[in-house]
Amino acid sequence: MNLKAKVQEITATVELRQFDKRLIMGLGLLGVIVILMVIWLAYTDRSAGGSSARALMEGQAVIEQMSKPVQALDRVFNDEQVHALAARAIENPDLLEDLGSYLNGRISEISEVQVYGSDLDSLDPRTLGMNGFAVFDMLLSLQNNVDPRLQIHHIVQPPVMVDAVRIGAGDELAGYMVVSLDPDYVLSHFDPEYSELGYVGLSQYNGRQKANKLGEVGNPALVGEVPDRQSIPGTLFRVEYPQRHQVIMLGSNRIFLLMLLVGGLFLVSAVLMHRNNRKLVDAKPESKPGAQPESKPGAIVVSEGAGEAVAAGPVDQDFEVLAPAPEPKPDIKDQTEIPDKESTAEIEPPAMHLRYDIAERRRRREPKHEPVVLSPDIFRAYDIRGVLDKTLDAGIARQVGQAVGTVTLERDAGPVVVARDGRISGPYL
């Protein structure tokens, strides 16, 4: 191998071992981005977790605050002295005033007390006042061993808060007591902290009628269509506030450490590549323009192009050939034509166009058929199953949807999710 070929080989080897500067910068930048992103996600998770915890504490604080007067009222109703006075008042209505005075002394917001015997068959709800049917419903609940819940009757003006309790010890039922009191007894405790929640509302909902708004603080626009609702025990009242769903970015410390490790590996790789390139550059000999290679005494320097040898010393001394004379060029006819690199490059195949127009799929219409009559056989234990165009079609699906929507609105339920699978009958169903 001649000297020129050797130098070219060494130069090519050195260049192959060098890394592209763009690759080094890309790895370093990627490492920095990964590390900064991990730190930001960890900070976001921690901040979101703290905010969600504080919001949960605010919601629980509202429930506890509103439950205190309700618990105090229950303690009064369960007092033995109250039951004794109420039992006497059931037997002798003249003693009802003593019962009212005692209760008003315990809770000043109590405005009226009524007692009724254990037999409710002869009781006419119309004789109980404007809210007589609501009071009678509470008495029937007590008769069925179901405790009625504290509630506000808005049909009476001004509205009154009503509660009822059984009178008697153990299985001995003497009758029932109904107490009316000022709604402020409970509503005055509605003064929540909502700095994290943004909004807190108080409403009354009996499961049959539209909820009545009793109070609210904050921005109602934050509550959304489906807020979090927490019932106050022993009442028909419920607290509403915006849902707080914490989105966990990292999830655990393992993922945090793993992503930090990945970012560190990118940075270390970029640094090592850069140092390797610096070493290769420092190790590469520098050549000055127009400089002749250093020659030894007795060496012959061959000038490329001219093809002549120049002796650097006496001819009769031993000499070393630094470069042989150029070899004669082969006949052009014997050479095979070397194709151009561009002509040998692989021809890229044409891009594939997979046409799938979802809008076109949705425009498909149900095939013509006789309308299907709704059959009870399609209603199973947990779902609805039918055969297309025989026991199930778009008309049946529409009837089912209207029924589900009606029940959902009546029960103040939701949300309702409508979806389908990949069958071609899905768009029109």
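Criteria and cut-off values
- Residues numbered from 1 in each chain as written.
- Predicted model: local features only at pLDDT ≥ 70, side-chain atom pairs only at ≥ 80, totals over all residues.
- Heavy atoms only, no water.
- Pairing = 2+ DSSP bridges.
- Helix = DSSP H or I, 4+ residues; strand = E, 2+ residues; numbered from the N terminus.
- Axes fitted to C-alpha atoms, helices over the stretch in contact; angles between N-to-C directions.
- Core = buried A, V, L, I, M, F, W, Y, C linked by side-chain atoms within 4.5 Å.
- Buried < 20%, exposed > 50% of the residue type's maximum accessible area, 1.4 Å probe, protein only.
- Contact = heavy atoms within 4.5 Å.
- Polar contact = N/O pair within 3.5 Å; in protein donor to acceptor, adjacent residues only side chain to side chain.
- Patch = residues over 30% accessible without salt bridge, like charges linked within 9 Å, V, L, I, M, F, W, Y side chains within 5 Å.
- Areas by Shrake-Rupley, 256 points an atom, 1.4 Å probe, with all protein chains shown as cover.
- Salt bridge = Lys/Arg side-chain N within 4 Å of Asp/Glu carboxyl O.
- Parallel < 35°, antiparallel > 145°, perpendicular 65-115°, else oblique.
- Left-handed = near helix turned anticlockwise from the far one by under 90°.
- Nonpolar A, V, L, I, M, F, W, Y, C, P; charged D, E, K, R; others polar.

### A look at the sheet that holds strand β6 (residues 212–218)
If you trace the four strands from one edge of the open sheet to the other, you get β6-β5-β8-β7, paired in antiparallel fashion. Bordering the open sheet on either side are β6 and β7 (228–231), each of which pairs with just one other strand. Put simply, the sheet's adjacent strands are angled 20 degrees from each other on average, direction ignored. Note that β7 and strand β8 (residues 237–241) share four bridges and pair antiparallel. Directly across from Arg229, in β8, lies its bridge partner Glu240.

### Quick look at the nonpolar core
Counting residues in each nonpolar core, the largest one holds 37 residues, and the members touching the most others are Leu99, Leu103, Met177 and Phe237. Here the element with the most residues in this core is helix α2 (residues 21–77); it accounts for eight residues. Those residues within four positions of Leu99 in sequence are excluded, and the remaining contacts are Val82, Leu85, Ala86, Val113, Val115 and Met177. If you look at the next biggest cluster of nonpolar residues, it comprises 15 residues, including Met138, Leu139, Leu142 and Tyr176.

### A look at the side chain of His153
With respect to the helices and strands, the residue His153 is situated in strand β2 (residues 151–153). Of the residues examined, His153 reaches a relative accessible area of 5% and is grouped as buried. Side-chain polar atoms of His153 contact the side chain of Asn131, separated by 2.8 Å. Here the side chain of His153 touches Gln151 through a polar contact of 3.0 Å, side chain to side chain. Apart from the residues lying within four places of it in its own chain, the contact partners of His153 are Asn131, Ala134, Val135, Met138, Pro159, Val160 and Val162.

### Quick notes on a nonpolar patch on the surface
Taken together, the side chains of Leu258, Leu261, Val262 and Leu265 define a hydrophobic patch exposed on the protein surface, amounting to about 360 Å² of accessible area. Relative to the helices and strands, Leu258 resides in helix α7 (residues 253–283).

### Looking at the packing of helix α3 (residues 80–91) against helix α4 (residues 96–106)
Running from N to C, α3 and α4 cross one another at 155 degrees; their axes reach a closest spacing of 8 Å. Relative to α4, the element α3 lies roughly antiparallel. Once α3 is placed against α4, the crossing between them reads as left-handed. Of α4, the residues touching α3 (which contributes Gln81, Val82, Leu85, Ala86 and Ala89) are Leu96, Asp98, Leu99, Tyr102 and Leu103. A per-class count over the contact of α3 with α4 returns eight nonpolar, one polar and one charged.

### What to know about the sheet that holds strand β3 (residues 160–167)
Within the open sheet, the four strands sit side by side as β1-β4-β3-β2. Their pairing is antiparallel. The open sheet terminates on both sides in strands that have one partner only, identified here as β1 (110–117) and β2. Put simply, the sheet's adjacent strands are angled 30 degrees from each other on average, direction ignored. Two strands pair when backbone bridges link them, and β1 and strand β4 (residues 175–181) are joined in this way by seven bridges, in the antiparallel orientation. Bridge pairing in β4 places Glu112 opposite Ser180. With respect to the sheet, α4 is in contact with β1 and β4, its orientation differing from that of β1 by roughly 135 degrees.

### Considerations on unusual backbone geometry
Between Gln157 and the following residue, Pro158, the backbone shows a cis peptide bond with an omega angle of -5 degrees. Summarising the element assignment, Pro158 is placed in the loop between β2 and β3. Its identity is not glycine, yet Asp389 carries a phi of approximately 65 degrees, on the positive side. Looking at where Asp389 falls in the secondary structure, it is placed in the loop between α9 (358–362) and α10 (394–410).

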